[in-house]
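Breakdown of the fold
The lines below spell out each chain.
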There are 2 protein chains.
Amino acid sequence: MHILTRPILEINLNHVLDNYNLLKSLAPKAIAAAVVKDDAYGLGAELVAAKLYQEANCRAFFVAHATEGALLRPLAPEAKIFVLQGIGEDSRELFVKHGLIPVISAPEMLEYWEKHPIKGVQPVIHIETGLNRLGFRETELAKLSPAQRKQFCMVMSHLACADASEHFMNQHQLQNFIRLKGQYFPDIPGSLSASDGVFLGADFQQDLVRLGAAMYGINTAPYRQNQMKNVVKVTAPVLQIADLPVGEFVGYSATYRANSPRKIAIVSIGYGDGIPRALSNVGKVFFKTDKIHEARIIGRISMDNVICDITDVPGVHVGDLAILIDDFYTIDDIARDSGTISYEIISNLGKNPRFVRQIIGA
Amino acid sequence: MHILTRPILEINLNHVLDNYNLLKSLAPKAIAAAVVKDDAYGLGAELVAAKLYQEANCRAFFVAHATEGALLRPLAPEAKIFVLQGIGEDSRELFVKHGLIPVISAPEMLEYWEKHPIKGVQPVIHIETGLNRLGFRETELAKLSPAQRKQFCMVMSHLACADASEHFMNQHQLQNFIRLKGQYFPDIPGSLSASDGVFLGADFQQDLVRLGAAMYGINTAPYRQNQMKNVVKVTAPVLQIADLPVGEFVGYSATYRANSPRKIAIVSIGYGDGIPRALSNVGKVFFKTDKIHEARIIGRISMDNVICDITDVPGVHVGDLAILIDDFYTIDDIARDSGTISYEIISNLGKNPRFVRQIIGA
């Protein structure tokens, strides 16, 4: 018997690399940029960027904030690093110091840029095609002078519904993009798609694709089987096993009551580690012997512990590792069971330093 | 006009200190220990511990994992640091190196401890009184020899329903605790309550209270007005303002449609910063002029952006700060609106390094 206390997060960089290469092969005419914002969706931007820079010759990265770009620069000295949230007074210094490229999405930010340009840097312009998030609207594009339009190195937009291949918004946004690019930016490269858009075909891939979620194993084309390799595994040790007599309650606010004698295991992981509290009384963990056994989560998930029902799971001992995420129960599965999307799961998951981190392929 | 891009997290350590002192005054006979697990619920364990150690003479801290205790030791050289998840092969070294005190909650862990004791360290024993999470069950206590029982420095348990003052579980657990302590550990100090238990009166306070949530401003006695000071404020700059014509959709999966002409603001914060995605189409942000204006969140929250409806909010400009959390809309409010508890909100909130962190009272 082993006595263990810490949850374990395994990140497989070889699978990130394989996913990147597969996605790249699906968009052979486009530059394959890697999206590593939000610390590579929580999985470790520096690890992911170094891997792709060294082993896949990736030379274009997207981050959300300049602070994130600054961390990448030492690992990717010759890469283009694009900053999606753009540039402002609170970040300009980092652009200068680390040679970052701002994505400019509004006239006010462009005005700021034109007053405080950075020598040798051509920004990206973000145009709005239907998501109604960031980007120049057509009325704003019409006000730009020819000289203003010439200062950009690329034009980009972003799809709203690319994870639904037949959604009318996809064609709507593509036509808007083609029309606006043709009218205002005919001579520079265009970028429309993130990884979900790659699966929509060559029209959507344009000159550069921004590979994020699918690279991390998320099925961004949920209308068909996932082609990506799973990148994330999470396990945590059983701290204790106990019999639960009839009538006993479990966890905060006593939301579970034993109506028959149960056997429970207390597992050393909780919402403080990014396991969504929404899985209380509905989620499941797994134990692997000769086969995979399912144990229902009972009671409320607490900050540091999950309690599960192992009445029908044979041979569980203190110190055994309960499985929270694995190839057979991926981030897509845990997201579905907790009523959110995979992106939110991993972006909360990777952040707690008390995980034992096991990096494969670093 | 200011052009800004980064979200801002303000943490008021003076308010943490005030809350600690108020809670301490409510339990005058008990030692007031500070719970700083999970990086002080995401707000910064090192900052909080240093503040309480230096300015409130706090000499007892609780963490979940030894890794967390290790970070505290340099800041609190003479404090007792208790580790709730206990000790195991994956953490013993840290206990030795940093003089941490394990909380032992199961016979298997006790067996490990007795085989690998640490000289000069007396562990805490955790006993189960009704939460059915960690702790020795009565049948397990009965098997301990008198010598085994004598090795502990304290006996602790944890309440399931202390945030509901009239809940039958409170008396049930108190009576169990008194009975088991009297029978097995009559001569050592006892600890039963976290901050919610403090409000249940002297019986529940025993010899040591473990102050966590309420210290961070959470109302752990929601059956009455919050007596705690708010510790957390979150703001984020408006990156863009746009008119939204009738028929336009907003955000991923086009879940919002404008049925009348709207005006929207795109705010530079998202679930990647810990703002729960569950607030999509239901949450709100605020703008402060001479008074406080409310702007409904529309469409899905994305990793880096929140979109809100400012049609009826006068005078919002690019660069203005939208308010996500403040004294008038606290972590309790945002938790309620997103269908979870305040603890989960702050434990996800504090972790993203792209926040500008403003620490008051450091």
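Residues numbered from 1 in each chain as written. Chains lettered and ligands numbered in written order. Predicted model: local features only at pLDDT ≥ 70, side-chain atom pairs only at ≥ 80, totals over all residues.

The subject of this paragraph is the sheet that holds strand E5 (residues 101–104) of chain B. All names here are of chain B. Strand order in this open sheet of 8 strands is E8-E7-E6-E5-E4-E3-E2-E9, and the pairing throughout is parallel. Pairing within the sheet leaves two strands with one partner each, and these edge strands are strand E8 (190–191) and strand E9 (208–211). Relative to strand E4 (residues 80–83), strand E3 (residues 60–63) runs parallel, the two being bridged by 4 bridges. Paired with Val63 across the two strands is Val83, which belongs to E4. Lying over the sheet, helix H1 (residues 13–26) contacts strand E2 (31–35) and E9, oriented at roughly 145° with respect to E2. (Pairing = 2+ DSSP bridges. Helix = DSSP H or I, 4+ residues; strand = E, 2+ residues; numbered from the N terminus. Contact = placed C-beta atoms within 7 Å. Axes fitted to C-alpha atoms, helices over the stretch in contact; angles between N-to-C directions.)

Right, let's get into the interface of chain B and chain A. Contacts between chain B and chain A engage 67 residues on the former and 67 residues on the latter. Those elements that place two or more of their residues in the side of chain B that touches chain A are helix H2 (37–41), helix H4 (66–72), helix H6 (107–115), strand E10 (232–244), strand E11 (249–250), strand E13 (262–267) and helix H13 (342–349) of chain B. When the residues that make up the side of chain B that touches chain A are grouped by side-chain class, the tally is 31 nonpolar, 21 polar and 15 charged. (Nonpolar A, V, L, I, M, F, W, Y, C, P; charged D, E, K, R; others polar.)

For the pair chain B and chain A, the relating rotation is 180°, the translation along its axis is 0.0 Å, and the fit reaches an RMSD of 0.0 Å. The transformation relating the two chain copies, once decomposed into turn and shift, fits a two-fold axis. Residue by residue, 100% of the interface of chain B is reproduced at the interface of chain A, so both copies engage with the same surface. (Least-squares fit on C-alpha atoms with pLDDT ≥ 70 in both.)

With that settled, the discussion passes to the domain arrangement of chain A. Residues and elements named next belong to chain A. Assigned domains within chain A: domain 1 (13–216) and domain 2 (230–360). Look at where the C-alpha atoms of domain 1 and domain 2 centre, and you get two points 37 Å apart. With 13 residues of domain 1 in contact, the opposing surface of domain 2 contributes 11 residues. Looking at the side of domain 1 that touches domain 2, the elements that each hand over two or more residues are helix H1 (13–26) and helix H2 (37–41). The leading source of residues in the side of domain 1 that touches domain 2 is H1, at 4 residues. Here the side of domain 1 that touches domain 2 is composed, by residue class, of 7 nonpolar, 4 polar and 2 charged. (Domains from an automatic or database assignment.)

All names here are of chain B. Position of Lys181 relative to the elements: it lies in helix H9 (residues 168–184). Classification of Lys181 as buried rests on a count of 21 C-beta atoms within 10 Å. If sequence neighbours within four positions are ignored, Lys181 has contacts with Val155, Pro186 and Gly190. (Buried ≥ 20, exposed ≤ 12 C-beta atoms within 10 Å, placed from the backbone.)

With that settled, consider the nonpolar core. In this structure, Phe61 and Cys308 of chain A together with Phe61 and Cys308 of chain B are the most contacted members of the largest nonpolar core, which totals 262 residues. When sequence neighbours within four positions are dropped, the list of residues in contact with Cys308 of chain A reads Ile264, Ala265, Val267, Val285, Ala295, Arg296, Ile297, Ile298 and Ala322 of chain A. (Core = buried A, V, L, I, M, F, W, Y, C linked by C-beta atoms within 7 Å.)

This part covers the packing of H1 of chain A against helix H3 (residues 45–55) of chain A. The description of two helices packed together rests on the angle between their axes and the distance between the axes. All names here are of chain A. Relative orientation of the contacting elements H1 and H3 amounts to 55°, with a least axis distance of 10 Å. When the axes of H1 and H3 are compared, the pair comes out oblique. Once H1 is placed against H3, the crossing between them reads as right-handed. Note on element contacts: H3 touches H1 through Leu47, Val48, Lys51, Leu52 and Glu55, opposite Leu13, Val16, Leu17 and Tyr20. Its residues assigned to classes, the contact of H1 with H3 shows 7 nonpolar, no polar and 2 charged. (Parallel < 35°, antiparallel > 145°, perpendicular 65-115°, else oblique. Left-handed = near helix turned anticlockwise from the far one by under 90°.)

All names here are of chain A. In space, the 8 strands of this open sheet follow the order E8-E7-E6-E5-E4-E3-E2-E9, with parallel pairing throughout. The sheet terminates laterally at strand E8 (190–191) and strand E9 (208–211), the two strands that pair on one side only. With 2 bridges joining them, strand E7 (residues 154–156) and E8 adopt parallel strand pairing. When the bridges of E8 are listed, Val155 appears paired with Gly190.

Attention now moves to the confidence of the model for chain A. For chain A, mean pLDDT is 97; residues scoring 70 or higher make up 100% of the total. The complex model carries a pTM of 0.95, and its ipTM stands at 0.94. (pLDDT = per-residue confidence, 0-100.)

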